[in-house]
Amino acid sequence: MTLRGLIQRTCVVLGLIALSAYLFYIGKGHTLFLDTNAITIDDKELRSHASVTVSVNGKNLKSSMGRAERVRVTVSGPKHTIVIVDDADAGTKAEKTFTIPTFMDRVVVSIPAILGGAPAKHWISPFIPPPVEHAPVEKMQHYQAD
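This text gives an overview of the structure that appears in the document.

The rules behind each value
All residue numbers here refer to positions counted from 1 along the written sequence of the relevant chain. Restriction of local features to residues with pLDDT of at least 70 applies here, the model being predicted, together with a cutoff of 80 or more for giving and counting side-chain atom pairs; totals for whole chains, interfaces and linings are based on all residues. Computation of side-chain values: all heavy atoms of the structure, hydrogens and water removed. The way it works is that DSSP assigns letters per residue, a run of H or I at least four long becomes a helix, a run of E at least two long becomes a strand, and they are numbered from the N terminus. Burial classes follow relative accessibility: with a 1.4 Å probe on protein chains only, a residue under 20% of its type's maximum area counts as buried, one over 50% as exposed, and anything between as partly exposed. Should a side-chain nitrogen of Lys or Arg be within 4 Å of a carboxyl oxygen of Asp or Glu, the pair is scored as a salt bridge. Here a strand pair is declared whenever DSSP counts at least two bridges between the two strands. We call a set of buried residues a nonpolar core when its members are Ala, Val, Leu, Ile, Met, Phe, Trp, Tyr or Cys and they connect through side-chain atoms within 4.5 Å of each other. When checking whether two residues touch, look at their non-hydrogen atoms; a contact exists if any pair is within 4.5 Å. Residues adjacent in sequence count toward polar contacts only when both atoms are side-chain atoms; beyond that, a polar contact is any pair of N or O atoms within 3.5 Å, and within protein one must be able to donate a hydrogen and the other to accept it.

1. Considering unusual backbone geometry
(1) Moving on: Phi is positive for asparagine 57, close to 55°, though the residue is something other than glycine.
(2) Moving on: For asparagine 57, the position within the fold is in the loop between strand S4 (52-56) and strand S5 (59-60).
(3) Moving on: Judged by its relative accessible area of 36%, asparagine 57 falls in the partly exposed class.

Set out below in structure tokens:
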């Protein structure tokens, strides 16, 4: 093997590594939980609207969202555009673009924070599932349906 062949093979391997890293970055899937629960930011409460229509990356959800709802949407890639339209007040519309960190698989997107004009750092938060209760079976109360 000559020095020239070694350099060519090294460049090919490095190129394949760079290409695979790039494809991982643009194709990484994320789960968005679109949340309409009220949120408090800097002692200011942003309440949800009665009914909103949401679309993510140009795809509309099947139905409008009401208060205190959470809808799951699966997307791929780091950059996304969300359009929110208030059904009660046709003049209220928000179109925002946001980026999800690469290694954050599940995120909660706050609809009231976006409509309320909050800074972008308050729109997205990591999804933390509720803790699992480890109650012994003997202490659980069992009811039988009639």
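Next comes the rest of the description.
2. Focus on the pattern of salt bridges
(1) Moving on: All told, the structure shown has 3 salt bridges when counted by the stated rule.
(2) Moving on: Note that arginine 70 and aspartate 35 form a salt bridge whose closest N and O atoms lie 3.4 Å from each other. Of this pair, arginine 70 sits in strand S6 (residues 70-76) while aspartate 35 sits in strand S1 (residues 29-35), placing them 35 residues apart in sequence.
(3) Moving on: Residue classification places arginine 70 among the partly exposed residues on the basis of a relative accessible area of 45%.

3. Some thoughts on the pairing of S1
(1) Moving on: Summarising burial for S1: 6 of the 7 residues are buried, a large majority.
(2) Moving on: Pairing of S1 with S6, which is carried by 7 bridges, proceeds in the antiparallel orientation. Paired with threonine 31 across the two strands is threonine 74, which belongs to S6.

4. What about the nonpolar core?
(1) Moving on: In terms of nonpolar packing, the biggest core is built from 25 residues, with Leu32, Leu34, Val54, Ile82 and Val109 touching the most fellow members.
(2) Moving on: Put simply, the parts of the chain that give this core at least two residues each are S1, S4, S6, strand S7 (79-86), strand S8 (93-99), strand S9 (106-110) and helix H2 (111-115).
(3) Moving on: Considering each element in turn, this core owes the most residues, 4 residues, to H2.
(4) Moving on: When sequence neighbours within four positions are dropped, the list of residues in contact with valine 54 reads Leu34, Lys59, Asn60, Leu61, Met65, Ile82, Val83, Ile84 and Ile111.

5. Things to note about the sheet that holds S5
The strands that make up a sheet pair up through hydrogen bonds in the backbone, lying either parallel or antiparallel.
(1) Moving on: Taken together, 4 strands build an open sheet; the order of strands is S5-S4-S7-S8 and the sheet is antiparallel. With one partner strand each, in any of the chains shown, S5 and S8 form the two edges of the open sheet.
(2) Moving on: With 5 bridges joining them, S4 and S7 adopt antiparallel strand pairing. Counted as the bridge partner of valine 54 is isoleucine 84 from S7.

6. With respect to the side chain of lysine 28
(1) Moving on: Position of lysine 28 among the secondary structure elements: in the loop between helix H1 (3-27) and S1.
(2) Moving on: Lysine 28 gets classed as buried once you look at its relative accessible area, which sits at 15%.
(3) Moving on: Side chain to side chain, lysine 28 and aspartate 105 meet in a polar contact 2.5 Å long.
(4) Moving on: Residues within four places of lysine 28 in sequence aside, it is in contact with Val75, Ser76, Gly77, Thr102 and Asp105.

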